[in-house]
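Chains, contacts and geometry: an overview
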Amino acid sequence: MGEGAGGRSPLAPSPESHWQPPNIGSFSRRPISLREAKLDGKSQPLMKRLAILGSTGSIGQSALAVVAEHPQEFQVVGLAAGKNVGVLAAQIREFRPAWVSVQDEAAARELRETLGGFPRLEILTGREGAMAVASAPEADLVVSAMVGAVGLEPTLAAVEAGKTVALANKETLVAAGPLVMAAVAARGATLIPVDSEHSAIFQALEGQRREAVRRLWLTASGGPFWTWPAEKLAAATPAQALKHPNWAMGAKITIDSATMMNKALEVIEAGILFGLPVSRVEVFIHPQSIIHSLVEFVDGSVLAQLGWPDMRLPIAYALTYPRRLPLQGEPLDLGKVAQLTFERPDLERFPSLRLGYQAAEIGGTMPAVLNAANEMAVAAFLDGRLSFPGIPRVVEETMAAHSVLPLESLAQVLEVNDWARRHARTLIDRKAASATGF
């Protein structure tokens, strides 16, 4: 329908009333990184240049799988990783980035030896190296997929550089959400969610009115222990916890899924991304992992996004938004799925979700404490120094010991992060040395 001489059609909704979270940008506009050229009088998308933070992790490898499937769409200009030199070297040979960053100089030496010399490649190290890759002028879009608080500074560097950021590092918003949002607004950056749950909400909200949203529903698989009785959870092993029923993920996020801390972090992230109080962000256990999240509107309508549990789908959408790429794989067949079930989470057996809501409601520096203590507790569990129920106990005791402050600066967040890690480590060491354990 065309517009009259007076401008907008009276039937067209006002763009100001559409859902426009400042960090994601208008759902009716394309992200600022989408570049186009005129070929034969028509707009054609140019090859998008990517920097990938956490390239050797599960999200990073899935992102590169999308790139490999569509080489005409993307050019990889930078990769940042930790110490997995073997995987990183293979990525360098295939995608030919100009810059890479690794955790330290020892990893850099190993990488140089593994590559045996590589033309036009600069190898950087440490936090400065990761930040340099994140803010590289040549990158149009930065995939933020580092695991844990280590991804905070590189992600902020990308935001400060005004990049479009495909955000998979939920800890960045959990620990420093208000600071990140302020930087996004100040620098004209764009955030596009990569987590399957937040991508689902992002897609369901497109073109919707802000005032029409009643609440958001995140779905959770329940992890490997959802049907276990409480007494059995005390003896759960890392090997058992790492056997996720639906998703193939890294160790830390898989353990977070088992404790439901992953969903706690996602609740906090959703509130920040979509501008809602966490009291309007709820959780369903959905063991089939087919519906990735839902949006409930004030008229009672509910929109959901469905798909097989395959991280390539939300990654590809973030990389080319608002376009969609065809992806290889089996189409969703609801006849094969046959049944979709839902139930409320049990916060007694899985208290991590309760702690996430509590941290969000307290606000300030408390979410950063929740995140840091959890990272320490998960590492201790994987090392066999902490029981499975001990993970939320360490987090809760660390939160109880923290004097909450208003969130003011990145330096403050980093200081609080260090304090929470030290306190959690002390608790873990004390319990590991005791007769009863934790």
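Bear in mind that the values here come from a model prediction, so they are computed numbers and not experimental data.

Some points on the pattern of salt bridges
Across all of its chains, the model carries 23 salt bridges by this definition. Note that Arg344 is salt-bridged to Glu282, the shortest N-O span being 3.3 Å. Of the two residues, Arg344 is situated in the loop between helix 13 (334-337) and helix 14 (352-362) and Glu282 in strand 11 (residues 281-285); the sequence distance between them amounts to 62 residues. Residue Glu396 pairs with Arg354 through a salt bridge whose shortest N-O separation is 3.3 Å. Here the residue Glu396 occupies a position in helix 16 (residues 390-401), and Arg354 occupies one in helix 14, the gap between them amounting to 42 residues. One salt-bridge network, held together by shared partners, links Arg214, Arg215, Glu282, Glu296 and Arg344.

Some thoughts on the sheet that holds strand 6 (residues 122-125)
Ordered by their spatial adjacency, seven strands build an open sheet running 6-5-4-3-7-8-9, and the pairing between neighbours is parallel. The outermost strands of the open sheet, each flanked by one partner alone, are strand 6 and strand 9 (190-193). Taking each pair of neighbouring strands and ignoring which way they run, the sheet shows an average axis angle of 25 degrees. Against the sheet, helix 1 (residues 58-69) makes contact with strand 3 (48-53) and strand 4 (74-80), and its axis sits at roughly 160 degrees relative to strand 4, the strand it touches most.

A word on the packing of helix 10 (residues 251-259) against helix 15 (residues 366-382)
Across the interface, helix 10 lies against helix 15 with an axial gap of 10 Å and an inter-helix angle of 100 degrees. When the interaxial angle is binned, helix 10 and helix 15 end up roughly perpendicular. Here Ala251, Lys252, Ile255 and Asp256 of helix 10 come into contact with helix 15, specifically with Asn374, Glu375, Val378, Phe381 and Leu382. Looking at the contact of helix 10 with helix 15 residue by residue, the class counts come to five nonpolar, one polar and three charged.

As for the sheet that holds strand 13 (residues 302-306)
The sheet built from four strands is open, its strands ordered 11-10-12-13 with mixed pairing. Of all the strands in the sheet, the pair left with one neighbour each is strand 11 and strand 13. The average undirected angle you get between the axes of adjacent strands in this sheet is 20 degrees. Its contacts with the sheet place helix 7 (residues 196-205) against strand 10 (213-220), strand 12 (291-297) and strand 13, and it is angled at close to 40 degrees to strand 12.

Conventions we followed
- Residue numbers run consecutively from 1 along every chain, following the written order of its sequence.
- Only residues with pLDDT of at least 70 get local features here, since the model is predicted, and only at 80 or more are side-chain atom pairs given and counted; chain-wide, interface and lining totals rely on the full set of residues.
- The basis for every side-chain value is the complete set of non-hydrogen atoms in the structure, without hydrogens or water.
- For salt bridges, the criterion is a side-chain nitrogen of Lys or Arg within 4 Å of an Asp or Glu carboxyl oxygen.
- Strands here mean DSSP runs of E at least two residues long; helices mean DSSP runs of H or I at least four residues long; both are numbered from the N terminus.
- Strands are treated as partners if at least two bridges between them are detected by DSSP.
- Structural elements are reduced to axes, namely lines fitted to C-alpha atoms, with helices fitted over the stretch in contact, and the angle between N-to-C directions of any two is expressed from 0 to 180 degrees.
- The criterion used for residue contact is that any of the two residues' heavy atoms lie within 4.5 Å.
- Note on angle classes: values under 35 degrees are labelled roughly parallel, values over 145 roughly antiparallel, values of 65 to 115 roughly perpendicular, and the remainder oblique.
- Residue polarity follows a fixed list, in which Ala, Val, Leu, Ile, Met, Phe, Trp, Tyr, Cys and Pro are nonpolar, Asp, Glu, Lys and Arg are charged, and the others, Gly among them, are polar.

Just distances and angles here, no functional claims.
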